[in-house]
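Below are the chains, spelled out letter by letter.
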Amino acid sequence: RVVETLRHYSNKPIVYDHQKAATDIPDTGRLFAKTMKSAGIDRAILFPQAGPATLQAWVEALWEVGVDPIVGGLMTHPKYMVSEGGFLSDEGIIEVYRLAHSLGVKGFVVPLTKPESVNRILDAAGISGELEFYSPGFGAQGGDAGAFPRLPVHHLIVGRALLNAEDPVAFLDKTQKELEALS
């Protein structure tokens, strides 16, 4: 019903963010993909922390049903990667992006809050070409969209700043003007 309502007002692609899809076994990717397709989702965000077999299976399952995968490996908050004091290896995160790119994925999630890490990871993973990037961390987390000039197509994911805005429409208008000033 949510997708039907959105389609009534817009023909823009609908992106589903499961928080965190692709953390299960490879076989569950088909069920997820069928659910996305039947709901009318155009693109689905995956964070395949369950490993390369899951990444490949879920990406292929989404493509089989006509849903474009968007893959992320790095998150916005501190102490996520080992180099930051977190649990996930920096090399493993690089491998997520590298493998997704080698599978033909064209959409990637990269956090606005970590421009140096994003650039290092994209370089190490060999990410290039006609790609789209989706970035959480704008607004409440203080990410700077201007710190990412090398990303040709860059979509901001706005969460709490929009949800907590006293006037969401005014917030979006102000944000649009700020972003237009960057280009």
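The structure we're discussing is the one just above.
Residues numbered from 1 in each chain as written. Predicted model: local features only at pLDDT ≥ 70, side-chain atom pairs only at ≥ 80, totals over all residues. Heavy atoms only, no water.

> Before we move on, can you summarise helix H4 (residues 90–102) with the specific residues and values?
The end-to-end C-alpha distance of H4 is 18 Å, a good match for the 18 Å that 13 residues give at a rise of 1.5 Å each. Along H4, the residues that are buried comprise Asp-90, Ile-93, Ile-94, Val-96, Tyr-97, Leu-99 and Ala-100. Residues of H4 that are buried make contact with helix H3 (52–65), strand S3 (68–72), strand S4 (107–109) and helix H5 (115–125). A positive phi of about 100 degrees marks Gly-104, the residue just after H4. (Helix = DSSP H or I, 4+ residues; strand = E, 2+ residues; numbered from the N terminus. Expected span 1.5 Å × (residues − 1). Buried < 20%, exposed > 50% of the residue type's maximum accessible area, 1.4 Å probe, protein only. Contact = heavy atoms within 4.5 Å.)

> Can you explain the environment of Phe-171? Please cite residues and give values.
Looking at where Phe-171 falls in the secondary structure, it is placed in helix H7 (residues 168–182). Residues Phe-171 and Ala-161, spaced 10 residues apart in sequence, show a C-alpha to C-alpha distance of 8.3 Å. Sequence-distant contacts of Phe-171, that is, excluding residues within four places in its chain, are made with Phe-138, Val-158, Ala-161, Leu-162 and Ala-165.

> Residue-level account of the packing of aromatic side chains, with values.
Geometrically, a pair of aromatic rings is defined through the distance of the ring centres and the angle of the planes. A full pass over the atoms with the stated rule returns 4 aromatic pairs. An angle of 35 degrees between the planes, with centres 4.9 Å apart, marks the rings of Phe-32 and Trp-58 as tilted. Of this pair, Phe-32 sits in helix H2 (residues 28–39) while Trp-58 sits in helix H3, and the two are 26 residues apart along the sequence. Just as Phe-32 is buried, Trp-58 falls in that class too. Put simply, the rings of Tyr-16, Phe-32 and Trp-58 pair up and form one aromatic cluster. Lying across the ring of Phe-47, Lys-20 places its NZ or CZ 4.7 Å from the centre. (Phe/Tyr/Trp six-rings, centres within 6.5 Å; stacked < 30°, edge-to-face > 60°. Lys NZ or Arg CZ within 6 Å of the ring centre and 35° of its normal.)

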